[in-house]
Amino acid sequence: MQSPSGATRARTEEAVKPVSEHWMNKDEVSDLVVVRGFSFYGQGQNNAMMFSPLIDWNERSADESQADALLNEAMGKFAQNEDAIIFVIQPPAIQSLGNASGFSVKIEDRAGLGRARLTEARNQLLGILSQSDVVTGVRPEDQEPAPQLKVDIDRVLARSLGLSISDVNTTLSINFGSAFANEFILDGRSLEVYVQADARYRMTPDDVMALRVPNDQGELVPFSTFATAKWTAGAPSLARYNGYPAMTVSGSAAAGMSSGDALAAVEEAMTQMPEGISYEWTGLSYEEKQSAGQIGLLLGLSVLVVFLLLSALYESWAVPLAVLLIIPIGVLGAVVFSLLRGLSADIYFNVGLITIIGLAAKNAILIVEFAIEEEAAGKSTIDAVKTAAILRLRPIIMTSLAFILAMVPLAIATGAGANSRIAVGTGVMGGMVSATAIGIFIIPLLYMLVRQKLSRQAPMAAGSLDEEQAEGKSA
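**Things to note about the overall build of the protein**
For step 1, the next point in the chain: Counting secondary structure elements, the protein contains 16 helices and 13 strands.
For step 2, the next point in the chain: When its C-alpha atoms are laid out on the principal axes, the protein stretches across 120 × 55 × 50 Å.
For step 3, the next point in the chain: When the 475 residues of the protein are sorted by exposure, 36% land in the buried category.
For step 4, the next point in the chain: The long-range fraction of contacts in the protein, counting pairs at least 24 apart against all pairs at least 6 apart in sequence, stands at 68%.
For step 5, the next point in the chain: Total accessible area on the protein is roughly 26,700 Å²; 56% of this is exposed by carbon and sulfur atoms.
For step 6, the next point in the chain: Each charge class in the protein can be summarised by its mean position, and for the 34 positive and 50 negative side chains these summaries are 2 Å apart.

**Some remarks on helix α11 (residues 327–340)**
For step 1, the next point in the chain: With 14 residues, α11 should cover 20 Å at 1.5 Å per step; its first-to-last C-alpha distance of 20 Å lies within 8% of that length.
For step 2, the next point in the chain: For α11, every residue scored as buried is listed here: Ile327, Gly330, Gly333, Ala334 and Ser338. Here the buried residues of α11 occupy an arc of 125 degrees about the axis, which is enough to place them on one side. The outward face of α11, more than 90 degrees from its buried face, is lined by the exposed residues Leu339 and Leu340.
For step 3, the next point in the chain: Looking at the packing, one finds that the buried side of α11 touches α9 (294–314), α10 (319–324), α12 (347–376) and α14 (418–437).
For step 4, the next point in the chain: Directly after α11, the chain includes Gly342, whose backbone phi takes a positive value near 70 degrees.

**Some details on the environment of Val450**
For step 1, the next point in the chain: Note that Val450 resides in helix α15 (residues 439–453).
For step 2, the next point in the chain: Once the C-alpha coordinates of Val450 and Thr170 are considered, the two residues, 280 residues apart in sequence, prove to be 88 Å apart.

**Things to note about the pairing of strand β6 (residues 179–186)**
For step 1, the next point in the chain: Bridging between β6 and strand β7 (residues 189–195) involves seven bridges; their strand directions are antiparallel. The residue of β7 that forms the bridge with Ala179 is Val195.
For step 2, the next point in the chain: Hairpin connection from β6 to β7: two residues lie between these consecutive antiparallel strands, with Asp187 at a positive phi of about 55 degrees.

**Observations regarding the nonpolar core**
For step 1, the next point in the chain: Judged by nonpolar contacts, the single largest core of 30 residues is most densely connected at Val368 and Tyr447.
For step 2, the next point in the chain: Of all the elements in the fold, those that place two or more residues in this core are α9, α10, α12, α13 (381–411), α14 and α15.
For step 3, the next point in the chain: Broken down by element, this core gets its largest block of residues, nine residues, from α12.
For step 4, the next point in the chain: The contacts of Val368, once residues within four sequence positions are left out, are Tyr314, Val319, Ala322, Val323, Ile443 and Tyr447.
For step 5, the next point in the chain: Core analysis: the next-biggest nonpolar cluster, separate from the first, contains 21 residues, Val105, Ile107, Leu125 and Leu126 among them.

**Focus on the environment of Gly260**
For step 1, the next point in the chain: Along the polypeptide, Gly260 turns up in helix α7 (residues 259–270).
For step 2, the next point in the chain: Linking Gly260 and Glu288, residues 28 residues apart in sequence, is a C-alpha distance of 8.3 Å.

**Some remarks on the layout of surface pockets**
For step 1, the next point in the chain: For the second largest pocket, the calculated volume is near 680 Å³.
For step 2, the next point in the chain: Every element with two or more residues in the lining of the second largest pocket is listed here: β2 (42–51), β5 (146–153), α5 (165–176) and α6 (205–209).
For step 3, the next point in the chain: With five residues, β5 is the largest single contributor of residues to the lining of the second largest pocket.

**Examining the side chain of Glu375**
For step 1, the next point in the chain: With respect to the helices, strands and loops of the structure, Glu375 is situated in helix α12.
For step 2, the next point in the chain: One polar contact links Glu375 to Tyr447, side chain to side chain, over a distance of 2.4 Å.
For step 3, the next point in the chain: With residues near it in sequence (within four places) discarded, Glu375 still touches Ser380, Thr381, Ala384, Tyr447 and Arg451.

**Describing the confidence of the model for the protein**
For step 1, the next point in the chain: With 94% of its residues at a pLDDT of at least 70, the protein reaches an overall mean of 85.
For step 2, the next point in the chain: A low-confidence stretch, residues 464–475 (pLDDT under 50), is modelled with three contacts involving residues beyond four sequence positions or located in other chains.

**Details of the packing of aromatic side chains**
For step 1, the next point in the chain: Counted under the stated rule, the structure contains four aromatic pairs.
For step 2, the next point in the chain: Between Phe223 and Phe226 the ring centres are 5.1 Å apart and the planes differ by 45 degrees, which places this aromatic pair in the tilted class. Accessibility classification places Phe223 together with Phe226 in one group, the buried group.
For step 3, the next point in the chain: The positively charged end of Arg139 is found above the aromatic ring belonging to Phe87, 5.7 Å away from the centroid.

**What to know about the pairing of β2**
For step 1, the next point in the chain: Bridge count between strand β1 (residues 33–39) and β2: six bridges; the pairing is antiparallel. Among the inter-strand pairings, Val34 is bridged to a residue of β2, identified as Met50.

**As for helix α2 (residues 67–78)**
For step 1, the next point in the chain: A rise of 1.5 Å per residue sets the reference length of α2, with its twelve residues, at 16 Å; its end C-alpha atoms lie 16 Å apart and thus fit the reference within 8%.
For step 2, the next point in the chain: Taken together, the buried positions of α2 are Leu70, Leu71, Ala74 and Phe78. All buried residues of α2 fall inside an arc of 100 degrees around its axis, so they share one side. Opposite the packed face of α2, turned more than 90 degrees from it, sit the exposed residues Asn72 and Gly76.
For step 3, the next point in the chain: Residues of α2 that are buried sit in contact with α1 (9–24).

Quick notes on the rules
- Residues numbered from 1 in each chain as written.
- Predicted model: local features only at pLDDT ≥ 70, side-chain atom pairs only at ≥ 80, totals over all residues.
- Heavy atoms only, no water.
- Helix = DSSP H or I, 4+ residues; strand = E, 2+ residues; numbered from the N terminus.
- Buried < 20%, exposed > 50% of the residue type's maximum accessible area, 1.4 Å probe, protein only.
- Contact = heavy atoms within 4.5 Å.
- Areas by Shrake-Rupley, 256 points an atom, 1.4 Å probe, with all protein chains shown as cover.
- Lys, Arg positive; Asp, Glu negative; His and termini not counted.
- Charge placed at Lys NZ, Arg CZ, Asp CG, Glu CD.
- Expected span 1.5 Å × (residues − 1).
- Arc of directions from axis to C-beta.
- Pairing = 2+ DSSP bridges.
- Core = buried A, V, L, I, M, F, W, Y, C linked by side-chain atoms within 4.5 Å.
- 1 Å grid on protein atoms, 1.4 Å probe; cavity = no way out; pocket = protein on both sides within 12 Å on 5 of 7 lines; lining within 4 Å.
- Points joined across faces, edges and corners; volume = space filled by probe spheres on them.
- Polar contact = N/O pair within 3.5 Å; in protein donor to acceptor, adjacent residues only side chain to side chain.
- pLDDT = per-residue confidence, 0-100.
- Phe/Tyr/Trp six-rings, centres within 6.5 Å; stacked < 30°, edge-to-face > 60°.
- Lys NZ or Arg CZ within 6 Å of the ring centre and 35° of its normal.

See the structure below:
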């Protein structure tokens, strides 16, 4: 929560009250912790934040009792609040990586354009993203300019009055700030003493002008003699990121959109920023961008390992292709099933793809292995693959069906951590369905094409090498 800049604690408390009542009236909320004067976006009398732990998952079975539903309801209710800017956010999936789930981007002034131009660029980005259907909950994470009292000191006049500039600054900082005086012992504890003007004597600009500073002759000279005060506005704090003046914008992906889609939308919007304005990702977004593109490498490495193992097993570079060419069918099934359920291509889906490589290859190996053995027994390639397909049909269907049914509990999972189980279960189940239903027809054809076009020499069955070695030892 962030009240208007310069708002007092009393005004912020008025904005906090209806929000705290909203959460405390929710049966799903077990407790509420309210922090005043501080938030993840800044500190001051106009800032506050709340933490609302929820009751156990088993007691929140209804859809409207889930965390996302509660968040969306609260966002809709407080979006038009006139007393404060209120955002309801979930904590990040990985602790210490950002303050909330979703994306965070740092907008940087790399050309020394100034705070005003940087603020304009940030507001321009917020305007572009607010019209996007890909992202939602877009918000700035910086303090808006707040009222400030600027005191102009005429140094020449102050020196002519016998004043020391250091004494002037010390008087101002002690009265309106504080200064450590000493320590004393009370009940065995060492306590510190700070000096500061009483609250009623530091409320208005006139209180500044009423301060008196001793000169070199021991006379007290009022501030109004050599200084003036006026109200202005400025940022309560200035942030830098990697050495550049920066401001932060955060948000999350809209329903049905992946985090990658959200990052792409932000990157596209940043192309419209003025020259000299750049950006960097931070938090979870930074880690996601760092790891982007690795899934292709991992899948490729997985396929390569399977290919090398099969090549060593059959002593052929061509026959393993008959096994591996069924993998795209399994991947297609995983993609289709995930799209039908509205799931995104997250890390759990990618784990499922790696699993599909092994499972789809397993069905192909069952047919190819028997086809090789039949060829070794003297049959033609087409007769051998027909026989293998017939003999291995039931084992393929039985093992695949057992695995597909084993994925059903994951695909329909509920409770804590259900999203990860649903993603893995749906992808693997879809891949196995397609790899089995289509594979039993495609695998024999692929073996025929590989044997006729790529491998003229009959491959060695998996057990043939061991038999030859055993015969050599006997001889």
